[in-house]
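# Observations on chain architecture
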Amino acid sequence: MKRLIAFGLGILALGAGCSKQDNNDRCVGTNYDIQFTKNPAIGGVNNGSIAIFYPRGDTLRYQLNNGAPQANPNFTGLAPGNYVIWVINKKGCSDTTSTTIEAYGPKYAAIKQIISGYCGPCHLNGGASGGKNLDTDASIVASWDRIRIRCVNGAPTFMPQNGQLTAIDKQKITDWVNAGHRITD
Ligand code: HEC
(Lines give C-alpha, C1' and ligand atoms only; values in the text may rest on other atoms or scores of the structure.)
Protein backbone atom coordinates (compact mmCIF):
# COMPACT_ATOMS: atom_id res chain seq x y z
CA MET A 1 0.00 0.00 0.00
CA LYS A 2 1.20 3.49 -0.76
CA ARG A 3 0.58 5.93 1.99
CA LEU A 4 0.39 9.63 1.45
CA ILE A 5 0.38 12.08 4.30
CA ALA A 6 0.25 15.63 3.06
CA PHE A 7 0.53 17.98 6.01
CA GLY A 8 1.37 21.13 4.12
CA LEU A 9 -2.27 22.01 3.85
CA GLY A 10 -3.59 19.36 6.17
CA ILE A 11 -4.54 16.72 3.67
CA LEU A 12 -4.58 13.04 4.48
CA ALA A 13 -5.19 10.70 1.61
CA LEU A 14 -4.51 7.20 0.40
CA GLY A 15 -2.66 6.55 -2.82
CA ALA A 16 -3.30 3.44 -4.82
CA GLY A 17 -1.75 1.54 -7.66
CA CYS A 18 1.58 -0.11 -8.18
CA SER A 19 3.52 -1.15 -11.23
CA LYS A 20 6.98 -2.30 -12.16
CA GLN A 21 9.16 -0.59 -14.72
CA ASP A 22 11.05 -3.77 -15.39
CA ASN A 23 9.10 -6.96 -15.14
CA ASN A 24 11.93 -9.50 -15.48
CA ASP A 25 13.11 -11.76 -12.67
CA ARG A 26 15.90 -9.40 -11.66
CA CYS A 27 13.31 -6.96 -10.35
CA VAL A 28 10.82 -9.34 -8.80
CA GLY A 29 10.07 -8.27 -5.26
CA THR A 30 10.99 -4.62 -5.77
CA ASN A 31 8.28 -3.17 -3.62
CA TYR A 32 8.49 0.15 -1.82
CA ASP A 33 5.98 1.55 0.64
CA ILE A 34 6.35 4.94 -1.01
CA GLN A 35 5.36 7.78 1.31
CA PHE A 36 5.25 11.43 0.40
CA THR A 37 3.69 14.77 1.15
CA LYS A 38 2.26 17.07 -1.46
CA ASN A 39 0.98 20.60 -1.85
CA PRO A 40 -1.47 21.86 -4.46
CA ALA A 41 -0.79 24.45 -7.12
CA ILE A 42 -2.43 27.67 -5.95
CA GLY A 43 -3.84 30.59 -7.89
CA GLY A 44 -3.10 29.46 -11.44
CA VAL A 45 0.63 29.23 -10.79
CA ASN A 46 2.63 26.01 -11.26
CA ASN A 47 3.72 25.93 -7.64
CA GLY A 48 2.63 22.46 -6.57
CA SER A 49 5.11 20.17 -4.88
CA ILE A 50 5.80 16.55 -3.96
CA ALA A 51 8.31 15.49 -1.32
CA ILE A 52 9.07 11.77 -0.99
CA PHE A 53 10.14 10.90 2.53
CA TYR A 54 10.20 7.09 2.25
CA PRO A 55 12.18 5.32 0.93
CA ARG A 56 15.27 7.53 1.09
CA GLY A 57 18.82 6.53 0.26
CA ASP A 58 22.00 7.55 -1.55
CA THR A 59 21.54 4.88 -4.21
CA LEU A 60 17.91 5.69 -4.99
CA ARG A 61 16.65 7.93 -7.75
CA TYR A 62 13.26 9.62 -7.97
CA GLN A 63 11.24 10.44 -11.05
CA LEU A 64 7.89 11.97 -11.93
CA ASN A 65 6.05 10.70 -15.00
CA ASN A 66 8.52 10.51 -17.88
CA GLY A 67 10.88 13.10 -16.43
CA ALA A 68 14.55 12.60 -15.70
CA PRO A 69 15.46 10.52 -12.63
CA GLN A 70 17.05 12.61 -9.91
CA ALA A 71 18.73 12.06 -6.55
CA ASN A 72 16.66 14.79 -4.92
CA PRO A 73 13.38 13.40 -3.52
CA ASN A 74 11.73 16.84 -3.63
CA PHE A 75 9.89 18.16 -6.67
CA THR A 76 8.66 21.75 -6.84
CA GLY A 77 7.11 24.03 -9.44
CA LEU A 78 4.56 21.41 -10.44
CA ALA A 79 1.52 22.08 -12.61
CA PRO A 80 -1.83 20.67 -11.50
CA GLY A 81 -2.43 17.17 -12.84
CA ASN A 82 -1.80 13.49 -12.32
CA TYR A 83 1.67 12.24 -11.50
CA VAL A 84 3.29 8.82 -11.37
CA ILE A 85 6.03 8.82 -8.74
CA TRP A 86 8.92 6.45 -9.47
CA VAL A 87 11.46 5.19 -6.97
CA ILE A 88 14.35 3.52 -8.83
CA ASN A 89 17.13 1.57 -7.15
CA LYS A 90 20.72 1.03 -8.22
CA LYS A 91 19.79 -2.14 -10.11
CA GLY A 92 17.39 -0.08 -12.20
CA CYS A 93 14.37 -1.74 -10.61
CA SER A 94 11.52 0.45 -9.58
CA ASP A 95 8.19 0.79 -7.90
CA THR A 96 5.60 3.50 -8.42
CA THR A 97 2.62 5.16 -6.90
CA SER A 98 0.39 7.86 -8.28
CA THR A 99 -1.11 11.08 -7.06
CA THR A 100 -2.83 14.24 -8.20
CA ILE A 101 -1.68 17.80 -7.69
CA GLU A 102 -4.87 19.78 -7.27
CA ALA A 103 -5.48 23.29 -8.54
CA TYR A 104 -6.62 25.46 -5.65
CA GLY A 105 -8.02 28.91 -6.13
CA PRO A 106 -6.64 31.54 -3.74
CA LYS A 107 -9.89 31.82 -1.75
CA TYR A 108 -10.03 28.07 -1.18
CA ALA A 109 -6.35 27.99 -0.22
CA ALA A 110 -7.22 30.50 2.52
CA ILE A 111 -10.06 28.24 3.73
CA LYS A 112 -7.69 25.26 3.92
CA GLN A 113 -5.32 27.35 6.00
CA ILE A 114 -8.09 28.39 8.40
CA ILE A 115 -9.27 24.80 8.78
CA SER A 116 -5.82 23.36 9.38
CA GLY A 117 -5.07 26.21 11.81
CA TYR A 118 -8.26 26.10 13.88
CA CYS A 119 -10.31 22.96 13.34
CA GLY A 120 -7.95 20.22 14.52
CA PRO A 121 -7.95 17.97 16.44
CA CYS A 122 -11.75 17.94 16.56
CA HIS A 123 -12.32 17.71 12.79
CA LEU A 124 -8.93 16.73 11.33
CA ASN A 125 -6.70 13.64 11.15
CA GLY A 126 -9.72 11.42 11.57
CA GLY A 127 -11.42 13.63 14.18
CA ALA A 128 -15.15 13.87 13.55
CA SER A 129 -16.74 15.95 16.33
CA GLY A 130 -20.41 16.43 15.61
CA GLY A 131 -20.05 13.81 12.86
CA LYS A 132 -17.96 16.25 10.80
CA ASN A 133 -14.53 15.31 9.47
CA LEU A 134 -12.77 17.90 7.30
CA ASP A 135 -9.67 15.98 6.14
CA THR A 136 -10.52 15.98 2.44
CA ASP A 137 -11.26 18.72 -0.07
CA ALA A 138 -14.50 16.91 -0.90
CA SER A 139 -15.70 17.02 2.71
CA ILE A 140 -14.87 20.72 3.04
CA VAL A 141 -16.62 21.62 -0.21
CA ALA A 142 -19.67 19.56 0.77
CA SER A 143 -19.76 21.33 4.15
CA TRP A 144 -19.49 24.89 2.84
CA ASP A 145 -22.86 25.97 4.27
CA ARG A 146 -22.28 24.37 7.66
CA ILE A 147 -18.83 25.97 7.86
CA ARG A 148 -20.33 29.38 7.12
CA ILE A 149 -23.26 28.97 9.50
CA ARG A 150 -21.07 27.76 12.37
CA CYS A 151 -18.02 29.97 11.86
CA VAL A 152 -19.52 33.20 10.50
CA ASN A 153 -23.09 33.25 11.83
CA GLY A 154 -22.33 31.37 15.04
CA ALA A 155 -25.63 29.50 14.93
CA PRO A 156 -26.41 27.87 17.28
CA THR A 157 -22.89 28.42 18.67
CA PHE A 158 -19.61 29.51 17.15
CA MET A 159 -16.99 27.18 15.70
CA PRO A 160 -14.17 26.72 16.53
CA GLN A 161 -15.62 25.49 19.79
CA ASN A 162 -14.45 27.64 22.72
CA GLY A 163 -13.46 30.49 20.44
CA GLN A 164 -14.26 32.44 17.32
CA LEU A 165 -12.41 33.24 14.16
CA THR A 166 -11.15 36.78 13.65
CA ALA A 167 -13.25 39.13 11.55
CA ILE A 168 -10.65 38.77 8.78
CA ASP A 169 -10.92 34.97 8.77
CA LYS A 170 -14.72 35.12 8.83
CA GLN A 171 -14.57 37.41 5.81
CA LYS A 172 -12.38 34.84 3.99
CA ILE A 173 -15.13 32.25 4.48
CA THR A 174 -17.78 34.69 3.23
CA ASP A 175 -15.65 35.55 0.20
CA TRP A 176 -15.14 31.88 -0.69
CA VAL A 177 -18.86 31.11 -0.31
CA ASN A 178 -19.85 34.11 -2.45
CA ALA A 179 -17.33 33.15 -5.13
CA GLY A 180 -19.02 29.75 -5.54
CA HIS A 181 -17.42 27.62 -2.74
CA ARG A 182 -15.37 25.40 -5.08
CA ILE A 183 -11.74 24.36 -4.70
CA THR A 184 -10.92 26.43 -7.78
CA ASP A 185 -12.33 29.69 -6.36
C1 HEC B 1 -12.17 21.85 20.38
C2 HEC B 1 -12.90 21.07 19.38
C3 HEC B 1 -13.45 21.78 18.16
C4 HEC B 1 -12.82 22.65 17.31
C5 HEC B 1 -11.41 23.20 17.42
C6 HEC B 1 -13.75 22.91 16.25
N7 HEC B 1 -14.89 22.21 16.45
FE8 HEC B 1 -16.51 22.06 15.17
N9 HEC B 1 -17.45 20.82 16.46
C10 HEC B 1 -16.99 20.46 17.71
C11 HEC B 1 -18.02 19.71 18.41
C12 HEC B 1 -17.89 19.13 19.81
C13 HEC B 1 -19.13 19.63 17.53
C14 HEC B 1 -20.50 18.97 17.81
C15 HEC B 1 -21.36 19.88 18.69
C16 HEC B 1 -21.88 21.08 17.96
O17 HEC B 1 -22.37 20.93 16.80
O18 HEC B 1 -21.78 22.19 18.49
C19 HEC B 1 -18.71 20.31 16.31
C20 HEC B 1 -19.50 20.42 15.18
C21 HEC B 1 -19.13 21.05 13.99
C22 HEC B 1 -19.87 20.99 12.77
C23 HEC B 1 -21.08 20.09 12.50
C24 HEC B 1 -22.31 20.55 13.12
C25 HEC B 1 -23.10 21.47 12.21
O26 HEC B 1 -23.64 22.44 12.72
O27 HEC B 1 -23.15 21.22 10.98
C28 HEC B 1 -19.21 21.77 11.86
C29 HEC B 1 -19.58 22.04 10.42
C30 HEC B 1 -18.04 22.30 12.54
N31 HEC B 1 -18.02 21.84 13.83
C32 HEC B 1 -17.11 23.13 11.96
C33 HEC B 1 -15.92 23.53 12.55
C34 HEC B 1 -14.92 24.32 11.89
C35 HEC B 1 -14.99 24.80 10.45
C36 HEC B 1 -13.90 24.49 12.79
C37 HEC B 1 -12.63 25.26 12.60
C38 HEC B 1 -12.76 26.63 12.11
C39 HEC B 1 -14.28 23.81 14.02
N40 HEC B 1 -15.52 23.24 13.84
C41 HEC B 1 -13.50 23.72 15.15
C42 HEC B 1 -15.73 20.71 18.20
C43 HEC B 1 -14.77 21.53 17.63
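A few points on the structure. Note that the structure is predicted; figures quoted are calculated from it, not measured.

Let us now look at the sheet that holds strand β6 (residues 61–64). Across the sheet, which stays open at both edges, the 3 strands sit in the order β6-β8-β9 with antiparallel pairing between neighbours. For this open sheet the edge positions go to β6 and β9 (94–101), each flanked by a neighbour on one side alone. The sheet shows a mean angle of 20 degrees between the axes of neighbouring strands, taken without regard to direction. By the bridge criterion, 8 bridges tie strand β8 (residues 81–88) to β9 in an arrangement that is antiparallel. Residue pairing across strands places G81 opposite I101, the latter belonging to β9.

What follows deals with unusual backbone geometry. Working note: non-glycine residues mostly have negative phi, and peptide bonds are mostly trans. Along the chain, Y54 connects to P55 via a cis peptide bond; the corresponding omega equals -5 degrees. For P55, the position within the fold is in the loop between β5 (48–54) and β6. The amide bond that connects A155 to the next residue, P156, takes the cis arrangement and shows omega of 0 degrees. Of note, P156 is situated in the loop between α3 (144–153) and α4 (167–179). Positive phi values are uncommon outside glycine, yet N65 reaches one of about 45 degrees. For N65, the location among the structural elements is in the loop between β6 and β7 (74–78).

About the cut-offs
Residues numbered from 1 in each chain as written. Predicted model: local features only at pLDDT ≥ 70, side-chain atom pairs only at ≥ 80, totals over all residues. Pairing = 2+ DSSP bridges. Helix = DSSP H or I, 4+ residues; strand = E, 2+ residues; numbered from the N terminus. Axes fitted to C-alpha atoms, helices over the stretch in contact; angles between N-to-C directions.

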